[in-house]
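As a plain string of letters, each chain reads:
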Amino acid sequence: HPQGGLPFFVHLWGAESGAGKTVALMAAASVWADPQIGRYIQTFNSTTVGHERLAAFLNSLPIIIDELQLAKDARGKLAFDVYKLAEGVGKTRGNRSGGIDLTPTWQCCILTSGESPITGGNAGAGAKNRVLELECTGERKIIENGHAVALALKQHYGHAGRRFVELLSRSGAIDTARTLFKAAFD
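Because the structure is predicted, anything quoted here is derived from the model rather than measured.

1. Description of the sheet that holds strand β1 (residues 8–13)
Spatial strand order, β2-β3-β4-β1-β5: five strands in an open sheet with parallel pairing. The sheet terminates laterally at β2 (42–43) and β5 (131–135), the two strands that pair on one side only. As defined by bridge partners, strand β3 (residues 63–66) adjoins strand β4 (residues 109–114) across three bridges and the pair is classed as parallel. If you follow Ile 64 over to β4, its bridge partner there is Leu 111. Sheet strands in contact with helix α1 (residues 21–30) are β1, β3 and β4, and its direction is about 155 degrees off that of β4. Most of the contacts of helix α2 (residues 48–58) go to β3, to which it runs at about 145 degrees, and overall it touches β2 and β3.

2. Brief notes about the side chain of Asp 34
Position of Asp 34 among the secondary structure elements: in the loop between α1 and β2. Looking at Asp 34, the relative accessible area reads 12%, which means it is buried. Polar contacts involving the side chain of Asp 34 include one to the side chain of Arg 39, which spans 2.7 Å.

3. Details of the side chain of Thr 137
Relative to the assigned elements, Thr 137 resides in the loop between β5 and α5 (146–155). Ignoring any residue separated from it by four or fewer positions in sequence, one finds Thr 137 in contact with Glu 16 and Ala 19.

4. Brief notes about the pairing of β1
Where burial is concerned, most of β1 is hidden: five out of the six residues are buried. With six bridges connecting them, β1 and β4 associate as parallel partners. Paired with Phe 8 across the bridge in β4 is Cys 109. As judged from the five bridges shared by β1 and β5, these two strands associate in the parallel manner. Bridged to Leu 12 within β5 is Leu 134.

Scoring rules and cut-offs
- Sequence order sets the numbering: in each chain, residues are counted from 1 along the sequence as written.
- Owing to the predicted nature of the model, reporting of local features is limited to residues with pLDDT of at least 70; listing and counting of side-chain atom pairs is limited to 80 or more, with chain, interface and lining totals taken over all residues.
- Derived side-chain values reflect all non-hydrogen atoms in the structure, with water molecules and hydrogen atoms excluded from consideration.
- Strands were regarded as paired on the criterion that DSSP finds at least two bridges between them.
- Where helices and strands are cited, they refer to DSSP runs of H or I of at least four residues and of E of at least two residues respectively, numbered from the N terminus.
- In what follows, residue pairs with any heavy atoms lying within 4.5 Å of each other are defined as contacts.
- Between N-to-C directions, angles cover 0 to 180 degrees, with each direction set by a line fitted to C-alpha atoms, over the stretch in contact for helices.
- Classification of residues uses two cut-offs on accessible area relative to the type maximum, computed with a 1.4 Å probe and protein chains only: under 20% is buried, over 50% is exposed, and between them is partly exposed.
- N or O atoms closer than or at 3.5 Å make up a polar contact, with two conditions inside protein: a donor-capable atom paired with an acceptor-capable one, and, for residues adjacent in sequence, both atoms drawn from side chains.

Here's what the structure looks like:
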């Protein structure tokens, strides 16, 4: 949020088990909270409203969602739309009393994993521009010895995020971060 950046995805994908996709998500989650699946990390077994409410609750913290294949319909077609999270704003909904509910908003990155890319061949340029897709294979593992790393992460978590926020709160740190972001973006 302090960067003023737009939400974006980093999607780790690959059909091979053991490449470290889920453990990499656990490492990212461990910066902030308990990295066990179902605690900080969620799965794609969710409704659109569930994803929106999670995003709004986390606001500027990363959204971490595992196992894209859980979002496929009965015909095997992906029933997940990158735009619905990458826009940073949820659906406007009416309520029973005739008014409208507060529209949820968020500014964060979305870290995901699955066995296939999250953008298909028919995805528009806007969706492709919001997603960094990284293929993970047996030869290109992200994490070696995933079992040991996962065990360590489940025992030691939640400290780095607090320290990161403390450092970012120092005088001039946000300006430095913005300068570094702009250089990387350019």
